[in-house]
Amino acid sequence: MGTELDNYSVHEDNPLGYGSSLPVPSVQEIVRNDAHNVPERYIKNVEDRPLSSEKCSVSLDIPIIDLSLLTNGDEDELRKLDFACKDWGFFQIINHGADEVLPKMKAAVAAFFELPLCEKKKYAMAANDVQGYGQGYVVSDEQKLDWNDLLFLMTIPSSFRNMKYWPNSIPGFMEALDEYSVELQKVIDDIFSNLSLLMGMEGGFLKELHGVMKLGMRMNYYPTCSRPDLVLGVSPHSDCSSITLLLQDDDITALQIKHKEAWIPVKPVPNALVVNIGDVVEAWSNGLYKSIEHRAVTNEKKPRISVATFVIPGEDVE
Ligand SMILES: O=C(O)CCC(=O)C(=O)O
Ligand SMILES: [Fe+2]
């Protein structure tokens, strides 16, 4: 199982210590040149394909948590959150207060991927970095690749920003990321204060446990694929964040999570954010809350955009 943002040691020339990636072609460009081309390197081994022998169940939905109820101290909703973290490791939040900025954020990300390749390449990930435009964590020439292009940026704290990766030709791009980061921080505070209560701690406990809390945003672009049965948008992995918040298109079901040995599709709820427990909270909760394996599939009809925001504790945190 691959894990986002971990399994790497800190290098002197790699300020974030998240490792580095070999350059591979833009999938968006492969599809633009020939919509029917699915190069060998993207074709998963039979057992790893989206519809391999594993059960695919469509009858279950992950829990939906009303964040406004939680902030009003609703005990039933708090119990629901506890169940969601234990039994699913995933939930969707509604009434989170960030609705207004979501379309702006989606538009900013879409505008970036609409830029011509030569323009996007100005922001290409350097060999020793994870920030920038690229194709994820490629460590070997033999590795099977995912059907996905991405732009990864640290947004908070601003001292972790590397401005050479921030597209400056898109009006409103920085404002959208700034606003989205500010709104998400409030949502994150609310979630952690409720998780702290569930763990029998003071409301501010888990937030403080992070030390310097950082936000890293992985903006994903999944082009259409003529053979969605052969490829994966993102291979199965768990996030090594404390929690991750996912913004996704309202009309495409692509994210799948491992639940009781089956891959369960996460049906988008308009304006909701998908939240998942990462490896850090799994450890902090002594394994009570689960960091669940997930993956994304592709489709033939419509490209998809998602933004995964990883909440990352300070380096010195146990
Ligand atoms: O796009 C998705 O639905 C999932 C993305 C994801 O899991 C990630 O970026 O870590
Ligand atoms: Fe993920």
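Residues numbered from 1 in each chain as written. Chains lettered and ligands numbered in written order. Predicted model: local features only at pLDDT ≥ 70, side-chain atom pairs only at ≥ 80, totals over all residues. Heavy atoms only, no water.

As a further point, take the UniProt feature "domain: Fe2OG dioxygenase" (unreviewed entry) in the protein. UniProt annotation of "domain: Fe2OG dioxygenase" (unreviewed entry) refers to residues 213-313 when read in the numbering used here. End C-alpha to end C-alpha, residues 213-313 measures 5 Å, and it is 6% helix and 47% strand. (UniProt positions renumbered as here; feature names shortened; annotations may be inferred. Helix = DSSP H or I, 4+ residues; strand = E, 2+ residues; numbered from the N terminus.)

At a minimum axis separation of 9 Å, helix 4 (residues 101-114) and helix 6 (residues 173-198) run at an interaxial angle of 140°. Comparing their axes, helix 6 and helix 4 come out oblique. Seen along the crossing, helix 4 lies across helix 6 with a hand that is left-handed. Between helix 4 and helix 6, the residues in contact are Val101, Leu102, Lys104, Met105, Ala108 and Phe112 and Phe173, Ala176, Leu177, Glu179, Tyr180 and Glu183, respectively. When the residues that make up the contact of helix 4 with helix 6 are grouped by side-chain class, the tally is nine nonpolar, no polar and three charged. (Axes fitted to C-alpha atoms, helices over the stretch in contact; angles between N-to-C directions. Parallel < 35°, antiparallel > 145°, perpendicular 65-115°, else oblique. Left-handed = near helix turned anticlockwise from the far one by under 90°. Contact = heavy atoms within 4.5 Å. Nonpolar A, V, L, I, M, F, W, Y, C, P; charged D, E, K, R; others polar.)

Our focus in this paragraph is the environment of Ser242. Note on placement: Ser242 falls in the loop between strand 7 (234-239) and strand 8 (243-248). Spatially, the C-alpha atom of Ser242 lies 35 Å from that of Pro39, the residues being 203 residues apart in sequence. If we ignore the near neighbours within four places in the chain, the residues touching Ser242 are Phe192, His210, Ile277, Gly278, Val280, Val281, Trp284 and Val311.

Moving on to the site of ligand 1. By nearness alone, 13 residues border ligand 1, and Tyr222, His237, His294, Arg304 and Ser306 come closest of all. Residue His237 places a side-chain N or O atom 3.1 Å away from an oxygen atom belonging to ligand 1. If ligand 1 stood free it would expose 300 Å²; the protein chains cover 98% of that surface. Where the shell around ligand 1 is concerned, the elements lending two or more residues are strand 6 (214-222), strand 7 and strand 13 (304-312). Counting residues per element, the shell around ligand 1 draws most heavily on strand 13, at four residues. (Near = heavy atom within 4 Å. Polar contact = N/O pair within 3.5 Å; in protein donor to acceptor, adjacent residues only side chain to side chain. Areas by Shrake-Rupley, 256 points an atom, 1.4 Å probe, with all protein chains shown as cover.)

Now for the nonpolar core. Membership of the largest hydrophobic core comes to 55 residues, with the highest contact counts inside it found for Phe173, Tyr180, Met219 and Leu245. Sort the elements by how many residues they give to this core and helix 6 lands first, with 10 residues. Formed by 20 residues, the second largest nonpolar core is a distinct cluster that contains Ile62, Val130, Tyr137 and Leu150. (Core = buried A, V, L, I, M, F, W, Y, C linked by side-chain atoms within 4.5 Å. Buried < 20%, exposed > 50% of the residue type's maximum accessible area, 1.4 Å probe, protein only.)

The protein atoms donating to the iron ion (ligand 2) are His237 (NE2), Asp239 (OD) and His294 (NE2), with metal-donor distances spanning 2.1 to 2.4 Å. Expressed as a motif, the donor residue spacing for the iron ion (ligand 2) is H-x1-D-x54-H. One end of the pair, Asp239, is in strand 7; the other, His294, is in strand 12 (residues 294-296), with 55 residues separating them in the sequence. For the pair Asp239 and His294, a shared accessibility class is recorded, and that class is buried. (Donors = N, O, S within 2.8 Å, 3.2 Å for Na, K, Ca; no water.)

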